[in-house]
Amino acid sequence: MMAGVSRILIRRLSSSQSLPPSVRCCSRNFHFNINGKRDDAKVSNDISQYPVVDHHFDAVVVGAGGAGLRAAFGLSEAGFNTACVTKLFPTRSHTVAAQGGINAALGNMEADDWRWHFYDTVKGSDWLGDQDAIHYMTEQAPASVVELENFGMPFSRTEDGKIYQRAFGGQSLKFGKGGQAHRCCCVADRTGHSLLHTLYGRSLRFDTSYFVEYFALDLLMEDGECKGVIAFCMEDGSIHRFRSKNTVIATGGYGRTYFSCTSAHTSTGDGNAMVTRAGLPCQDLEFVQFHPTGIYGAGCLITEGCRGEGGILINSEGERFMERYAPNAKDLASRDVVSRSMTIEIREGRGCGPEKDHVYLQLHHLPPQQLAVRLPGISETAMIFAGVEVTKEPIPVLPTVHYNMGGVPTNYKGQVITHVGGEDKVVPGLYACGEAACASVHGANRLGANSLLDLVVFGRACALTIAETGTPGEKLSPLKPNAGEESVANLDKIRFAEGTIRTSEIRLNMQKTMQNHAAVFRTGDLLKEGCDKMDAIYQSMEDIKTFDRGIVWNTDLVESLELQNLMLNAVQTIHSAEARKESRGAHAREDYQDRMDELDYAKPLAGQEKKSFDQHWRKHTLSTVDIKTGKVTLGYRPVIDRSLDQEECSAIPPAIRSY
Amino acid sequence: MLGVLVKRVVNRVYQVVLRPTLACPVSTRGYKGEASDDSRGDLIEIPLPPWTEKDGETMDMKRRRLLFQSRKRGMLENCILLSLFAKKYLNTMSETQLRQYDRLINEPSNDWDIYYWATEAQPVPNVYAGEIMDLLKEFTKNKDQEQRLDAPNLEYLDKGSQ
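What comes next is a walk through the structure. Bear in mind that the values here come from a model prediction, so they are computed numbers and not experimental data.

**Observations concerning the overall build of chain B**
Along its length, chain B carries 7 helices and 0 strands. When the helices and strands of chain B are read in sequence order from the N terminus, they spell out α-α-α-α-α-α-α. Counting the 162 residues in chain B, one finds 47% classified as buried. Residue pairs at least 24 apart in sequence account for 65% of intrachain contacts in chain B once pairs closer than 6 positions are excluded. For chain B, the exposed surface amounts to about 8,400 Å²; the carbon and sulfur share of it is 55%.

**Section: the overall build of chain A**
Counting its secondary structure elements, chain A contains 18 helices and 27 strands. Referenced to the eigenvectors of the C-alpha coordinate spread, the extents of chain A come out at roughly 75 × 55 × 55 Å. With 659 residues in all, chain A has 65% of them scored as buried. Sequence-distant contacts, at least 24 apart, represent 73% of the contacts inside chain A between residues at least 6 apart.

**Points about the packing of aromatic side chains**
For the structure on display, the rule yields 24 aromatic pairs over all chains. Taking the centre distance of 5.9 Å and the plane angle of 50° together, the rings of A:Tyr136 and A:Phe458 count as tilted. Residue A:Tyr136 is found in helix α6 (residues 131–151), and its partner A:Phe458 is found in helix α14 (residues 451–469); the two are separated by 322 residues along the sequence. For A:Tyr136, a relative accessible area of 13% translates into the label buried. Here A:Trp553 and B:Phe68 contribute two aromatic rings whose centre-to-centre distance is 5.9 Å and whose plane-to-plane angle is 40°, an arrangement assigned as tilted. With A:Trp553 in the loop between β24 (544–545) and α18 (555–579) and B:Phe68 in helix α3 (residues 59–71), the pair connects residues from two separate chains. Assessed through its relative accessible area of 3%, A:Trp553 is described here as buried. Its relative accessible area of 3% is what places B:Phe68 among the buried residues. Three or more aromatic residues joined by ring pairs make a cluster, and in this case those are A:Phe57, A:Phe211, A:Tyr214 and A:Phe242.

**Description of the interface of chain B and chain A**
At the interface, 60 residues of chain B touch 75 residues of chain A. Buried area between chain B and chain A, both sides added, is near 6,000 Å², and the carbon and sulfur share of it is 57%. Scanning the region where chain B abuts chain A turns up 7 salt bridges. On inspection of chain B and its partner chain A, the count reaches 23 residue pairs in polar contact (both at pLDDT 80 or more). Of all the elements in the fold, those that place two or more residues in the side of chain B that touches chain A are α2 (41–45), α3, α4 (76–89), α5 (95–106) and α6 (111–118) of chain B. Per-element accounting of the side of chain B that touches chain A gives the leading share, 8 residues, to α3(B). A per-class count over the side of chain B that touches chain A returns 24 nonpolar, 15 polar and 21 charged.

**What about the packing of α18(A) against α3(B)?**
Taken N-terminus to C-terminus, the directions of α18(A) and α3(B) make an angle of 35°; their axes are 10 Å apart at the nearest point. Across the interface between the two elements, A:Thr555, A:Val558 and A:Glu559 of α18(A) pack against B:Arg64, B:Leu67, B:Phe68 and B:Arg71 of α3(B). Along the lines of polarity and charge, the residues of the contact of α18(A) with α3(B) split into 3 nonpolar, 1 polar and 3 charged.

**Points about the sheet that holds strand β27 (residues 631–638) of chain A**
Residues and elements named next belong to chain A. Read from one edge of the open sheet, 3 strands run β13-β26-β27, paired in antiparallel fashion. Each edge of the open sheet is held by one strand with a lone partner, namely β13 (282–283) and β27. The pairing of β13 with strand β26 (residues 619–626) spans 2 bridges and is antiparallel. Across the sheet, residue Gln283 finds its bridge partner in β26, namely Leu622.

**Concerning unusual backbone geometry**
Residues and elements named next belong to chain A. With omega at -10°, the peptide bond leading from Ala439 into Ser440 counts as cis. Tracing the backbone through its elements, the reader meets Ser440 in the loop between β21 (437–438) and α14. The phi torsion at Glu213 lies on the positive side, around 65°, for a residue other than glycine. You can see Glu213 is positioned in the loop between β8 (209–212) and β9 (214–222).

**Examining the pairing of β8(A)**
All names here are of chain A. Alternating positions in β8 separate into two faces, Ser209 and Phe211 on one and Tyr210 and Val212 on the other, with burial throughout. In this sheet, β8 lies alongside strand β4 (residues 82–86) in parallel orientation, the contact comprising 4 bridges. Bridging across to β8, Thr86 finds its partner in Val212.

**Focus: the sheet that holds strand β7 (residues 180–185) of chain A**
All names here are of chain A. The strand order β5-β7-β6 describes an open sheet built from 3 strands, whose pairing is antiparallel. Unpaired on one side and paired on the other, β5 (102–103) and β6 (165–172) mark the two borders of the sheet. Taken together, the 4 bridges between β6 and β7 define a ladder with antiparallel strand orientation. Considered in β7, the bridge of Arg166 is made with Cys184.

Definitions and limits used
Sequence order as written defines residue numbering, which begins from 1 separately in each chain. Following the order in which they are written, the chains are lettered starting with A and the ligands numbered starting with 1. A pLDDT threshold of at least 70 governs which residues receive local features in this predicted model, and a stricter bar of 80 or more applies before side-chain atom pairs are shown or counted, although totals over entire chains, interfaces and linings include all residues. Derived side-chain values reflect all non-hydrogen atoms in the structure, with water molecules and hydrogen atoms excluded from consideration. For helices the rule is a DSSP run of H or I covering at least 4 residues; for strands it is a run of E covering at least 2, with both sets numbered from the N terminus onward. The rule is simple: take the accessible area with a 1.4 Å probe, protein chains only, and divide by the maximum for that residue type; under 20% is buried, over 50% is exposed, in between is partly exposed. Only heavy atoms matter for contacts: two residues are in contact if any of them lie within 4.5 Å across the pair. With residues, only the protein chains shown are counted as cover, and all accessible areas are computed by Shrake-Rupley using a 1.4 Å probe. Stacked, tilted and edge-to-face pairs are distinguished by plane angle, under 30 degrees for stacked and over 60 for edge-to-face with tilted covering the rest, among Phe, Tyr and Trp rings (Trp via its six-membered ring) whose centres lie within 6.5 Å. Buried area: the sum, over both parts, of the accessible surface (1.4 Å probe) that disappears when the two are put together. A pairing counts as a salt bridge when a side-chain nitrogen of Lys or Arg comes within 4 Å of a carboxyl oxygen of Asp or Glu. Polar contacts here mean pairs of N or O atoms no more than 3.5 Å apart (in protein, one a potential hydrogen donor and the other a potential acceptor; neighbouring residues in sequence count only if both atoms are side-chain atoms). All residues other than Ala, Val, Leu, Ile, Met, Phe, Trp, Tyr, Cys, Pro, Asp, Glu, Lys and Arg, Gly among them, are scored as polar; the first ten of these are nonpolar and the last four charged. Structural elements are reduced to axes, namely lines fitted to C-alpha atoms, with helices fitted over the stretch in contact, and the angle between N-to-C directions of any two is expressed from 0 to 180 degrees. Strand pairing follows a simple DSSP-based rule, namely that at least 2 bridges must link the two strands.

Take a look at the structure:
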């Protein structure tokens with residue numbers, strides 16, 4: 001019955017080719033009209049029997065989360081005819097989950113300096129972050145927050161009317177010597193939502209065209225240049241090619257490669273996969289952040305803000321164990337330090353619960369009023385998913401996959417780069433920002449509340465760079481008439497797949513393998529075994545079985561395409577992790593417990609000989625995949641150790657990282 | 001000019017009305033109310049285009065669309081809650097119920113609001129009150145103590161041949 005309906009729909013679409021565009025568009029009015037613009041889209045029949053609509057824009061942004069919206073808004077404001085292609089309604093992007101806040105050295109709670117924030121971020125990244133990008137981000141932070149406020153974001157205020165700033169993990173004063181810094185600005189508990197609402201609302205006034213519930217399939221690449229994106233409309237199954245000189249990838253992370261993660265089911269690494277299929281490298285995918293406090297079981301996040309407001313972690317003996325692992329920062333040490341400490345406590349037998357496989361987050365010593373006002377959502381989440389009353393009992397928590405530091409490699413301007421002949425080379429026409437990108441500001445580990453900052457600073461950077469290097473209304477270079485054919489062929493193949501293994505089964509195999517073999521603590525044998533298993537699971541995609549043959553609102557199809565994307569992220573993650581023989585930031589190995597830098601920074605540097613590039617690990621991993629065989633190839637590129645201006649802000653030389 | 005004045009007055013009234021009185025006792029479920037430091041200025045000053053019902057959709061198409069929109073939400077809590085809810089109720093909803101559900105999951109701009117209403121941490125606005133909201137609230141209570149570790153796989157929809 002469903003197939004019959006969809007057959008009729010397709011027939012209607014293809015037979016409407018003889019009608020003028022204005023009439024044809026009427027059946028899809030809501031996409032082309034509701035948000036203001038009607039472009040003169042043309043229908044062709046170049047690719048198989050799927051009707052294809054071609055659009056021309058000055059810029060296309062894929063993803064409508066914080067980064068995508070900031071980029072789309074900036075571009076529209078600069079006069080560029082911009083399209084934003086998103087599989088979700090903008091205010092439903094995963095950014096809405098962000099309850100923590102944005103870091104900026106405004107100095108409202110105590111004297112502050114962005115160079116201290118710079119230091120904290122470089123140290124937090126375990127010296128894998130590119131210091132020019134970090135300089136850019138931390139210096140722009142105060143101006144970015146003020147700009148957001150001017151756009152209309154109602155930041156929480158202190159009694160004297162200044163923006164309220166709270167403590168967050170890893171933030172210090174005076175280059176780590178002045179105690180805890182209070183830098184995190186928030187809009188009550190809905191910073192993420194406010195950001196999305198404000199940017200989406202403002203961008204509409206500048207006539208941004210939104211293509212909502214369109215699933216982006218692939219980049220349109222020609223001669224190493226990105227000429228746009230091909231996507232399919234879930235509402236009517238039509239294929240759309242968005243041709244543009246400037247494409248921005250802002251598709252978020254890929255937490256769903258793991259069995260337990262705090263991410264929504266939309267975090268499927270679509271952008272990373274599109275870049276991989278285009279033959280370009282992804283960077284540092286082995287660095288997966290485990291948030292210390294995900295609810296045991298469901299994985300729902302308990303924000304770090306809890307610890308910022310005074311919550312503490314305790315083991316089965318009721319001890320505040322973080323005092324041992326991080327005497328200064330204690331529970332507000334960097335996330336990787338806290339996750340590792342929790343895992344050690346569990347492995348040494350001081351875990352809580354009947355299986356002794358988690359620890360407790362205690363909040364009931366805080367005044368109930370403070371909990372209700374500053375951290376309201378916690379009570380519901382704890383009750384529904386853990387059956388716990390936070391004003392009376394502690395919450396069972398476990399380190400849970402939360403963020404991907406790695407992604408599409410870019411320079412500090414947001415341009416996507418490859419590494420050829422020992423030099424960074426810009427990929428023309430392609431940009432990336434947000435969690436999908438790797439600028440790299442977070443390096444081996446991200447500090448809390450730096451992600452929302454990352455979104456706005458680099459979303460804006462992409463818009464600025466595009467405005468600098470191009471003009472609105474520029475003529476587009478020609479594109480092969482059958483561009484995007486393989487993507488449609490793949491879509492068709494998955495839609496009619498008649499193998500023997502269901503999508504959900506393959507997905508579960510992948511998630512369990514990643515969870516067991518590439519989690520908080522990693523070791524050589526376990527990783528090697530995981531690599532072999534993942535390679536086999538990749539091959540099993542050939543035998544995938546889908547059940548919904550329709551073309552309209554086919555969730556089975558979308559989830560299977562997402563699985564393809566997840567698979568590419570997973571194999572690169574585990575192979576990169578297996579190859580990296582050191583511990584750095586979020587990548588912790590039991591068999592290689594120390595950082596392997598070019599010099600041993602634990603000892604005096606005088607008289608030491610610098611190790612050569614292939615003998616140390618303070619470098620970025622670049623991974624590519626042969627799509628047909630699933631073989632992962634790894635390469636490396638150096639970390640950028642200079643800031644943008646040595647006079648303004650001296651780069652921080654590597655040191656041993658302790659809190 | 002008058003418009004600006006009116007807006008300012010409305011804002012002020014809005015803020016005063018919604019500021020919680022601190023004398024209010026905090027319930028054991030941690031009633032959220034309106035956080036005193038959330039002026040909601042962005043929601044007031046930057047209204048988004050109003051949500052409208054889709055025309056010309058068959059009930060089957062509505063169900064298919066609502067399935068996708070139940071499973072793909074802004075945060076994990078809603079992904080789990082709504083996809084389990086959809087698994088239980090979506091295929092047997094009447095037309096009126098489908099339209100109520102459509103409005104509930106598509107009109108609110110903050111996914112967290114839907115979660116707070118379902119968990120009764122916040123009162124449900126009148127426009128969303130009704131059969132479906134009651135079903136959702138009841139479902140969320142989880143009286144049968146089901147394990148709710150993740151969203152269900154889609155295969156419950158595979159009836160063999162389509």
